[in-house]
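Overview (structure and organization)
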Protein chains: 2
Amino acid sequence: MRVIDGGICAVRGVHAAGLKDDYMGLALIEGAGPCAGVFTRNKVVAAPVVLTRDNLENHKYVAGTIINSGNANAFTGEQGMADAREMARLAADKLGVQKSHIAVASTGVIGRFLDVGWIKDHLDEVYGALSADPQGCRNATKAIMTTDLIEKEVSVELECGVRIGGIAKGSGMIEPNMGTMLAFIYTDAILSADTLKECLVKANDSSFNMMVVDGDTSTNDMALLTATGASSIAPDVANFQRGLDYVLVELAKKIARDGEGATKLIEVQVNGASDLADARKVAKTIVRSPLVKSAIYGHDPNWGRVVAAAGYSGASLDQDKVSLKFSDGKNAVTLVDHGQVADTSANQQLKSIMESDTVIISVDLSLGEAFAVAWGCDLTYDYVRINAEYTT
Amino acid sequence: MRVIDGGICAVRGVHAAGLKDDYMGLALIEGAGPCAGVFTRNKVVAAPVVLTRDNLENHKYVAGTIINSGNANAFTGEQGMADAREMARLAADKLGVQKSHIAVASTGVIGRFLDVGWIKDHLDEVYGALSADPQGCRNATKAIMTTDLIEKEVSVELECGVRIGGIAKGSGMIEPNMGTMLAFIYTDAILSADTLKECLVKANDSSFNMMVVDGDTSTNDMALLTATGASSIAPDVANFQRGLDYVLVELAKKIARDGEGATKLIEVQVNGASDLADARKVAKTIVRSPLVKSAIYGHDPNWGRVVAAAGYSGASLDQDKVSLKFSDGKNAVTLVDHGQVADTSANQQLKSIMESDTVIISVDLSLGEAFAVAWGCDLTYDYVRINAEYTT
């Protein structure tokens, strides 16, 4: 497997385009094939999520995807559903496909009716710009960003020649509402919708689902995986899974690092848990802890907060067996070894680790064999500023 | 029932004292009788919690309580247990009671050995200052504060003459570790330890357990309820429960309002839930949401974040039935009525509510009869500052 350029446009059979003004953004992706999706578990579900979930349940096939930023089309009742259907109809007409083969996604402010007129007015231009060039992907990625600062795209080519590419947005907001997570992943492999679903759920559980910016779950989260088949290759599924895992984990890390106000990526590795569920609980609880997140922001190797978070995670834990290291990916310093606290007060290496732009916290519970990794970001003044600004 | 002055010293049979320097604080409470406690559910449990929990299990009786601030005596292994036992022995010797009748509590930094010498050096002075005067209670309350800004004490007298008084600390830290919640409640009623336990668990579930500052659960949380019997009155238990509920709720609100960096108290009232568990889930999820907390800080009536938090709380919810109001306790403004969004963009009353120092969010799910209330505070720059300061 090697990393390649181009994002989703590296995938044969995919064309993308997007535009953005101060008011809204619009992206269009042409790429047809079996498709699987995972969606927000929030019980307040945005209209585009309802529509796309239904389309996928009925057809397991997507020919095109239309996405707007600037308005989440959530908590908008019947009018919201009609607006989402209208977005699908507009895209289907342009692409010359069935409207039930269109995926619709939205991100932005909750509880305001969508300006479908704006979308209609700008769709011609976006359609005309559809391109398999990397710039097409880049423009689509930009169009779905809200307060994201960094474009999030990843693409790889497997040994067998199959390509997988994905774009995502996350953790930003055009107005202080929800930091929706959206991801669109394409492959040119020949794979059935059912296999795609299995692979997507598996990859999602150890990537997007292990990423926490602030613990708030959006009404609009959506990740779609579509296989165009344009490579004419039916890959070994285990190989494909490895490639897909890589793409989703890289996108998840990009989203975490670009979390609202973030200055650092935090990676929490948990080893020696009794089972996978426990490992994930511990990793996510630590990466979600506001006390841990603010300590990392302050370059403070405050391991007491880390073990306390592990302790209230609900996972099995014996404090006399816990070990803990901080690392920057190159050097690691042990803070606790099987419950014994190390004196690190004058450790210069630890100081430099805490100043790194990636802080890796490794916890070993020494209870079993299970491990998990979670990603998050520090809690900063800017997180508060971004989310406290009065705009309603 | 009427509110009276004096905190725990309003309760007959209780003497208290405390002192504090820049390094540590020490409080001593003399007050003997049947006692019940509730303790942290964190699996990393501080030594004083282990000791006091064991003492209460074995004896259901407390004659005196010794509390230090400045060091949590948590994650300190065998040495920590020995230190907690030594604190109990020192207090027992002074008060002339059995050491197994001493409750021990600590709050402060995790993972450092306790300076028992300091406690020994200062205990004579604290013992000599023991007093039933309100100032005794005030000094004990101050001694257990860390970065708390406000002393937290409440006392009431029931119609039957029984008094209940409590002190608490919360949400502050002497060093950036845990914001331990400690509460010591006394009554001069004649009540058995078993009845006290029932009443305490019930009151705790709808007060301290419904309070969120940042979602981190300490290794040292403890609330103790002791009945000195000094009023010679055996009260009606339902009446006693009402008084106890009042005291614990008022302490919880004081802790929430004095949360780290907080500028406002947030109260979330949930009505119409399917059952009590759902009502509590919704209330706590809303009051824990960093997005809601930062919106309140920014005076932003950002109801989209409130319904989204309700949606991911795990409780049953139908978005077409949800109603939502914001209030300052005097005036209320409806933002959503059975799923219909009100236009409040020019509402001056709403603006003034958001500027109030108490913001009440009322959610009606219109699904059943259950209700719950939770308390929290806004998320501010100061929360980040306090917890990001490098001190390790």
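Quick notes on the rules
Residues numbered from 1 in each chain as written. Chains lettered and ligands numbered in written order. Predicted model: local features only at pLDDT ≥ 70, side-chain atom pairs only at ≥ 80, totals over all residues. Heavy atoms only, no water. Contact = heavy atoms within 4.5 Å. Salt bridge = Lys/Arg side-chain N within 4 Å of Asp/Glu carboxyl O. Polar contact = N/O pair within 3.5 Å; in protein donor to acceptor, adjacent residues only side chain to side chain. Helix = DSSP H or I, 4+ residues; strand = E, 2+ residues; numbered from the N terminus. Domains from an automatic or database assignment. Buried area = accessible area lost by both parts, 1.4 Å probe. Nonpolar A, V, L, I, M, F, W, Y, C, P; charged D, E, K, R; others polar. Pairing = 2+ DSSP bridges. Axes fitted to C-alpha atoms, helices over the stretch in contact; angles between N-to-C directions. pLDDT = per-residue confidence, 0-100. Buried < 20%, exposed > 50% of the residue type's maximum accessible area, 1.4 Å probe, protein only. Arc of directions from axis to C-beta. Least-squares fit on C-alpha atoms with pLDDT ≥ 70 in both.

1. Quick look at the interface of chain A and chain B
Between chain A and chain B, the contact holds 57 residues from the first and 57 residues from the second. There are zero salt bridges connecting chain A and chain B. If you look at where chain A meets chain B, you find 12 residue pairs in polar contact (both at pLDDT 80 or more). Mapped onto the side of chain A that touches chain B, the elements with two or more residues apiece are helix 8 (290-297), helix 9 (303-312) and helix 11 (381-388) of chain A.

2. Let's talk about the domain arrangement of chain A
Interface size, as often reported, equals the accessible area lost upon joining of the parts. Residues and elements named next belong to chain A. Partitioning chain A into domains gives domain 1 (2-257) and domain 2 (265-388). For domain 1 and domain 2, the distance between their C-alpha centres works out to 32 Å. Interface area lost by domain 1 to domain 2 is led by Met210, Val212 and Arg257, which between them contribute 44%. Between domain 1 and domain 2 we count one salt bridge in total. A salt bridge links arginine 257 to aspartate 357; the nearest nitrogen and oxygen atoms lie 3.8 Å apart. Here domain 1 and domain 2 share four residue pairs in polar contact (both at pLDDT 80 or more) between them. Looking at the side of domain 1 that touches domain 2, the elements with two or more residues in it are strand 9 (211-212) and helix 6 (237-257). Considering each element in turn, the side of domain 1 that touches domain 2 owes the most residues, four residues, to helix 6. Of the residues in the side of domain 1 that touches domain 2, the class split is eight nonpolar, four polar and four charged.

3. A word on the sheet that holds strand 15 (residues 358-364) of chain A
Residues and elements named next belong to chain A. An order of 9-16-11-15-12-13-14 is seen for the seven strands of this open sheet, with the pairing classed as mixed. Since the sheet does not close on itself, it has two edges, and those belong to strand 9 and strand 14 (340-341), each with one partner. Sheet strands in contact with helix 6 are strand 9, strand 11 (265-273), strand 15 and strand 16 (370-377), and its direction is about 40 degrees off that of strand 16. Its contacts with the sheet place helix 7 (residues 276-288) against strand 9, strand 11, strand 15 and strand 16, and it is angled at close to 20 degrees to strand 16.

4. Concerning the confidence of the model for chain A
Residue and element names in this part refer to chain A. For chain A, per-residue confidence averages 90 on the pLDDT scale, and 95% of positions sit at 70 or higher. Put simply, strand 9 is where chain A has its lowest mean pLDDT, 76, and helix 3 (residues 116-128) is where it has its highest, 98. With pLDDT under 50 throughout, residues 172-178 is counted as low confidence; its partners more than four residues away or in other chains account for 46 contacts.

5. Details of helix 4 (residues 134-143) of chain B
All names here are of chain B. What helix 4 keeps buried is the set Gly136, Cys137, Ala140, Thr141 and Ala143. End-on, the buried residues of helix 4 take up no more than an arc of 165 degrees, which puts them together on one face. Looking at the packing, one finds that the buried side of helix 4 touches strand 2 (15-20), strand 3 (25-39), strand 4 (61-71), strand 6 (152-157) and strand 7 (163-169).

6. Side note on the sheet that holds strand 12 (residues 323-327) of chain B
Residue and element names in this part refer to chain B. One open sheet holds the seven strands; their spatial order is 9-16-11-15-12-13-14, and the pairing between them is mixed. Where the open sheet ends on each side, the last strands, each with one partner, are strand 9 (211-212) and strand 14 (340-341). Relative to strand 16 (residues 370-377), strand 11 (residues 265-273) runs antiparallel, the two sharing seven bridges. Note on strand 16: the bridge partner recorded for glutamine 269 is valine 373. Contacts between helix 6 (residues 237-257) and the sheet are confined to strand 9, strand 11, strand 15 (358-364) and strand 16, with strand 16 contributing the most and set at about 40 degrees to the helix. Against the sheet, helix 8 (residues 290-297) makes contact with strand 11, strand 12, strand 15 and strand 16, and its axis sits at roughly 135 degrees relative to strand 15, the strand it touches most.

7. As for the side chain of B:Ser327
Residue and element names in this part refer to chain B. Within the secondary structure, serine 327 is located in strand 12. By relative accessible area, serine 327 is classed as buried at 10%. Within the structure, the side chain of serine 327 is placed 3.3 Å from the backbone oxygen of asparagine 331, a separation counted as a polar contact. Excluding residues that lie within four positions of it along the chain, serine 327 makes contacts with Ala332, Ile353, Thr358, Val359 and Ile360.

8. Here's the deal with the relation of the copies chain A and chain B
In the superposition of chain A on chain B (RMSD 0.0 Å, axial shift 0.0 Å), the rotation amounts to 180 degrees. What the superposition gives is, in effect, a two-fold axis relating one chain to the other. Relative to the rotation axis, the C-alpha of A:Tyr381 is the closest in chain A, positioned 2.6 Å from it. Most of the interface of chain A is mirrored in chain B, where 100% of its interface residues again form contacts.

9. Here we look at the environment of A:Gly111
Looking at the element boundaries, A:Gly111 is found in the loop between strand 5 (102-109) and helix 3. For A:Gly111, a relative accessible area of 15% gives the class buried. A:Gly111 sits 276 residues away from A:Asn387 along the chain, and the two C-alpha atoms are 17 Å apart. Setting aside residues no more than four positions away along its own chain, A:Gly111 makes contact with A:Ala74, A:Phe75, A:Thr76, B:Trp303 and B:Val341.

10. Let's talk about unusual backbone geometry
Of note in this structure, A:Ser232 is not a glycine but carries a positive phi near 60 degrees. Turning to its location among the elements, A:Ser232 is positioned in the loop between strand 10 (222-227) and helix 6. For A:Ser232, a relative accessible area of 60% puts it in the exposed group. Its identity as a non-glycine residue notwithstanding, B:Asn73 has a phi of 45 degrees, on the positive side. Under the relative-accessibility criterion, B:Asn73 is labelled buried at 0%.

11. Observations regarding the environment of A:Thr40
All names here are of chain A. Inspection of the secondary structure puts threonine 40 in the loop between strand 3 (25-39) and helix 1 (47-59). Threonine 40 sits in the buried class, given a relative accessible area of 7%. A polar contact of 3.0 Å, which involves the side chain of threonine 40, links it to the backbone nitrogen of asparagine 42.

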